[in-house]
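Residue-level structural notes
Residues per chain are reported as follows:
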Amino acid sequence: MSDLQELYQNLIIDHSRSPKNFGVLENATIKNRGVNPICGDELTLYLLEEDGIIKDVKFTGVGCAISTASASLMTETIKGKTREEAEKVFDAVHQLITGKLVEKPEVLGKLMALKGVSAYPMRVKCASLSWHALKSALHYQQEPVSTEHE
Ligand code: ZN
């Protein structure tokens, strides 16, 4: 295993053990739920959006290491971004974990840690759950998202 791969692995482990931005965001303006029935991952995403900027973001739920780490990394990445920027990151992550990256890796930064899941179709749904909840929230959709309908 290369140093870089190892670093990415450690990042996933760290974020799954002590996720960032975990908890209920009381003053959230947008809320969305996501489920991944295949693995049993569940999460609720809370966003505080003001003037098109994501001022704060948190999540709660139960899930496997990959889904938790992905949600944690996602909240860290999109905090302070505009809705458009967040959507661009969503696109890049989606490309990355489905093995079809066309965006520059710079857009992703430490989210490159999720690259490894592209080799495991079951895990792709775990990694993408929080991102689908995000996308749906950015479009103000109230319907819970499910990875079954991809
Ligand atoms: Zn999972």
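Preceding block: the structure.
These lines cover the structure that appears in this document, whether it is placed above or below. Values in this document were obtained by computation on a predicted structure and should not be read as measured data.

This part takes up the coordination of the zinc ion. Each protein donor to the zinc ion is listed here as Cys39 (SG), Asp41 (OD), Asp41 (OD), Cys64 (SG) and Cys126 (SG); together their distances run 2.2 to 2.7 Å. Judged by its relative accessible area of 30%, Cys39 is partly exposed. The exposure class of Cys126 is buried, given its relative accessible area of 0%.

Right, let's talk about the nonpolar core for a bit. Of all hydrophobic cores here, the largest spans 39 residues; its most connected members are Leu47, Ile78, Leu114 and Trp131. Among the secondary structure elements, those contributing two or more residues to this core are helix H1 (3-17), strand S2 (41-50), strand S3 (53-62), helix H2 (65-78), helix H3 (83-97) and helix H4 (121-138).

A few words on unusual backbone geometry. Positive phi, close to 55 degrees, is recorded for Asn21, a residue that is not glycine. Within the secondary structure, Asn21 is located in the loop between H1 and strand S1 (30-36). With phi around 55 degrees, Tyr140 is a residue other than glycine that occupies positive phi space.

Every other side chain in a regular strand lies on the same face of the sheet, so the side chains alternate between the two faces. Strand direction decides the pairing type here: S2 and S3, joined by nine bridges, are antiparallel. In the strand pairing of S3, Leu45 is matched with Phe59. Between S2 and S3, which pair antiparallel and follow one another directly, the connecting turn spans two residues, one of which, Asp51, has a positive phi of 50 degrees.

What follows concerns the sheet that holds S3. With respect to topology, four strands assemble into an open sheet ordered S3-S2-S1-S4, the strand pairing being mixed. Taken across any chain shown, the strands that pair with only one partner, and hence form the sheet edges, are S3 and strand S4 (145-146). Note: S1 against S2, seven bridges, orientation antiparallel. Across the sheet, residue Ile30 finds its bridge partner in S2, namely Leu47. H2 contacts S2 and S3 of the sheet and is inclined by roughly 165 degrees relative to S3. Sheet contacts for H4: S1, S2, S3 and S4; angle to S2, the most-contacted strand, approximately 35 degrees.

Parameters and conventions
Residues numbered from 1 in each chain as written. Predicted model: local features only at pLDDT ≥ 70, side-chain atom pairs only at ≥ 80, totals over all residues. Heavy atoms only, no water. Donors = N, O, S within 2.8 Å, 3.2 Å for Na, K, Ca; no water. Buried < 20%, exposed > 50% of the residue type's maximum accessible area, 1.4 Å probe, protein only. Core = buried A, V, L, I, M, F, W, Y, C linked by side-chain atoms within 4.5 Å. Helix = DSSP H or I, 4+ residues; strand = E, 2+ residues; numbered from the N terminus. Pairing = 2+ DSSP bridges. Contact = heavy atoms within 4.5 Å. Axes fitted to C-alpha atoms, helices over the stretch in contact; angles between N-to-C directions.

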